[in-house]
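Observations on the model geometry
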Amino acid sequence: MKKFRFRCMNCSRLYEENDVEYTCPQCGTRLGTLETLYDFDNISIKKSDFDSCSDIWQFEALLPVSAKSFRVNLKIGTTPLYRFENLSGVKEVQIKYDGTTPTASFKDRATVIAVNRAVEKNYSSIYCASTGNAAASLAGLSAAAGLKAYIFIPSKAPAAKIAQLMVYNAMILAIDSDYDTAFDLSMKIGEEKNWYCRNSAVNPYLIEGKKTAAMEICVQTEFDPPDTVVVPVGDGTVISSFYKGFSDFYNAGIIKKIPQLIGVQASGANSLELAFKKGEPFWPVDFSGKTIADSINVGKPRDFLKACTYIKKSKGDLISVTDDEILSAQKELASSTGIFSEPAGAASYAALKKLVHENRIEKSSRVCLAVTGNGLKDISAVSSCKTVEHLKPDVQDIKEYLDFKETYGDESYDEN
Ligand SMILES: Cc1ncc(COP(=O)(O)O)c(C=O)c1O
Ligand SMILES: [Zn+2]
């Protein structure tokens, strides 16, 4: 057997690397998503191969592309794993913070693999549809690799994410629609133009890059991963990638257990939670979502089958939190830990608070929260937090203001 092959999530047909590029031809793009199976009998890796400084290529033995075609001179991988005692009353809370990557979200892990694959296959153009982060990531890493990026995004995507597309000089196709419609349009046009496709779920290589976050958690915990990992969910690829990373390491004999995975969605866009609750055989429950957490505002989750299957295998669950819970978690996370997450990333902290409140998590357990994007990506979400009062450039006025605030807290200041 070659280093890896693909298996269809729906019909279990096996494919060799060159037989198929995206999804199972028998089952189509929605059901026929592929998982990558490695020949563990012929892969020899050991704990000492890994460290907490190297980039994602330290996991090359378990990646489907070669580091040799790497054209992106930016460091991707080994983001911080912070530890907190008694956050929300839980003994050990870890935060895997991916707001520090080159384009400031988790998505760079997938994009670097997609860019490598595109280079290996001699493509000069690459496209994706995205709520914003995959877009920014593809624009940035394509700029680094010398590829032309075509980006389909909802025209209402946060301004900072669109600014990233502009500065990286991508072709911006800002569609007056939601993400789900932009996705379908991108597939039609991208296929016709024969651009390489970096669309979630459809491209099986992406999850293989994303899984490196789980592998890093193993390395950063001296191969004793947490009991539970909480992950924000839109299409479902990110949470699937956590399972894949842990299970590949488990199958390679590097770790002894696979953590339970809890997916969190916004209650206004919880179609994956609904599909999961209906049980097997898993089937999509699509509807047009609405949430302030733009990155997880997905109504037609493309990786529903993989996400539901893997969450179930991990003995995990999917839950949802309201926009108010997300916004207050975002503020509390920033003010109590110094980590400024975009709303989608803060959903994992909102979920932790909810799970603790409902006694659904052991207080003595070790929990890791995936905080997947930087707060500066969407400052409009926090602009409602607090009004900034303007002061005269006068020592006396400033001191009076300080006295007032120290006495009355957040009450608004009337200088008269
Ligand atoms: C910051 C952030 N968190 C979580 C997600 C959810 O990932 P997925 O759509 O693969 O479930 C995304 C996806 O865009 C994201 O940008
Ligand atoms: Zn199939």
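Structure report, in brief. (Residues numbered from 1 in each chain as written. Chains lettered and ligands numbered in written order. Predicted model: local features only at pLDDT ≥ 70, side-chain atom pairs only at ≥ 80, totals over all residues.)

Digging into the overall build of the protein chain
Within the protein chain, the regular secondary structure consists of 13 helices and 13 strands. Against the compact-globule benchmark of 22 Å for 416 residues, the protein chain has a radius of gyration of 22 Å, which places it among compact chains. Across its three principal directions, the C-alpha atoms of the protein chain cover 80 × 50 × 40 Å. The proportion of buried residues among the 416 residues of the protein chain is 52%. (Helix = DSSP H or I, 4+ residues; strand = E, 2+ residues; numbered from the N terminus. Rg over C-alpha atoms; globule rule 2.2 N^0.38 Å. Buried ≥ 20, exposed ≤ 12 C-beta atoms within 10 Å, placed from the backbone.)

Things to note about the site of ligand 1
Neighbouring residues of ligand 1: 22 residues in total, closest Asn-133, Gly-234, Thr-237, Ser-295 and Gly-373. Mapped onto the shell around ligand 1, the elements with two or more residues apiece are α3 (133–145), α8 (237–251) and α12 (343–357). Tallied by class, residues from the shell around ligand 1 come to 8 nonpolar, 11 polar and 3 charged. (Near = placed C-beta within 6 Å. Nonpolar A, V, L, I, M, F, W, Y, C, P; charged D, E, K, R; others polar.)

A few points about the sheet that holds strand β2 (residues 14–15)
Pairing is antiparallel in the open sheet, where 3 strands are placed in the order β2-β1-β3. Because the sheet does not close on itself, it has two edges, and the strands there are β2 and β3 (34–38). Relative to β3, strand β1 (residues 4–8) runs antiparallel, the two being bridged by 5 bridges. Bridge pairing in β3 places Arg-7 opposite Glu-35. (Pairing = 2+ DSSP bridges.)

A word on helix α13 (residues 395–408)
The terminal C-alpha atoms of α13, which comprises 14 residues, lie 20 Å apart, in line with the 20 Å expected from a rise of 1.5 Å per residue. Looking one or two residues beyond α13, the residue adopting positive phi is Gly-409, at roughly 60°. (Expected span 1.5 Å × (residues − 1).)

A short note on the pairing of strand β10 (residues 228–232)
Here β10 lies mainly inside the structure; 5 of its 5 residues are buried. Going residue by residue along β10, you find Thr-228, Val-230 and Pro-232 tucked away on one face and Val-229 and Val-231 tucked away on the opposite face as well. Across 5 bridges, β10 lies against strand β11 (residues 260–266) in parallel orientation. Residue pairing for β11: Val-229 is matched across the bridge by Leu-261. Handedness of the crossover is the feature at issue here: the chain leaves β10, passes through α8, returns alongside β11, and the resulting connection is right-handed. Pairing of β10 with strand β13 (residues 366–371), which is carried by 3 bridges, proceeds in the parallel orientation. Note that in β13 the partner of Val-230 across the bridge is Leu-369. (Right-handed = clockwise from strand over helix to strand, strands pointing away.)

Here we look at helix α2 (residues 108–120)
In this model α2 runs 18 Å from its N-terminal to its C-terminal C-alpha over 13 residues, within 8% of the 18 Å that 1.5 Å per residue would give. Burial runs high along α2: 12 of the 13 residues are buried. Buried residues of α2: Asp-108, Arg-109, Ala-110, Thr-111, Val-112, Ile-113, Ala-114, Val-115, Asn-116, Arg-117, Ala-118 and Val-119, and no others. Along its buried surface, α2 packs onto β6 (125–129), α3, β9 (196–197), α6 (204–210) and α7 (212–220). Once α2 ends, the next one or two residues include Asn-122, with phi positive near 65°. (Contact = placed C-beta atoms within 7 Å.)

A look at the nonpolar core
Ranked by size, the top nonpolar core spans 118 residues in total, and within it Ile-151, Val-230, Ala-347, Ala-351 and Leu-369 carry the most contacts. The leading source of residues in this core is α12, at 8 residues. Taken together, domain 1 (1–43) and domain 2 (61–104 + 206–381) each give at least three residues to this core, which thus spans both. Ignoring anything within four residues of it in the chain, the contact list for Ala-347 reads Pro-232, Val-264, Ala-266, Ala-293, Ile-296, Val-321 and Ile-326. (Core = buried A, V, L, I, M, F, W, Y, C linked by C-beta atoms within 7 Å. Domains from an automatic or database assignment.)

Examining the sheet that holds β13
With mixed pairing, the 6 strands of this open sheet are ordered in space as β4-β5-β13-β10-β11-β12. Looking at which strands have only one partner, the edges of the open sheet turn out to be β4 (81–87) and β12 (317–321). Pairwise comparison of adjacent strand axes, ignoring direction, gives a mean angle of 25° for this sheet. As paired strands, strand β5 (residues 90–97) and β13 are joined by 6 bridges and run parallel to one another. Looking at β13, one finds that Glu-92 is bridged to Arg-366. (Axes fitted to C-alpha atoms, helices over the stretch in contact; angles between N-to-C directions.)

Some thoughts on unusual backbone geometry
With an omega dihedral of -5°, the bond running from Glu-280 to Pro-281 counts as a cis peptide bond. With respect to the helices and strands, the residue Pro-281 is situated in the loop between α9 (271–278) and α10 (304–313). With a phi angle near 50°, Thr-78 is a residue other than glycine that sits in the positive phi range. Along the chain, the position of Thr-78 falls in the loop between β3 and β4. Notably, Asn-194 is not glycine yet its phi reads approximately 60°, a positive angle. On the secondary structure map, Asn-194 appears in the loop between α5 (179–193) and β9.

Here's the deal with the pairing of β4
Examined bridge by bridge, β4 and β5 share 6 bridges and lie antiparallel to one another. Residue pairing for β5: Leu-81 is matched across the bridge by Lys-96. The turn linking β4 back onto β5 is made up of 2 residues, and Ser-88 within it adopts a positive phi angle of 60°.

All quantities given are derived from atomic positions and should not be read as evidence of function.
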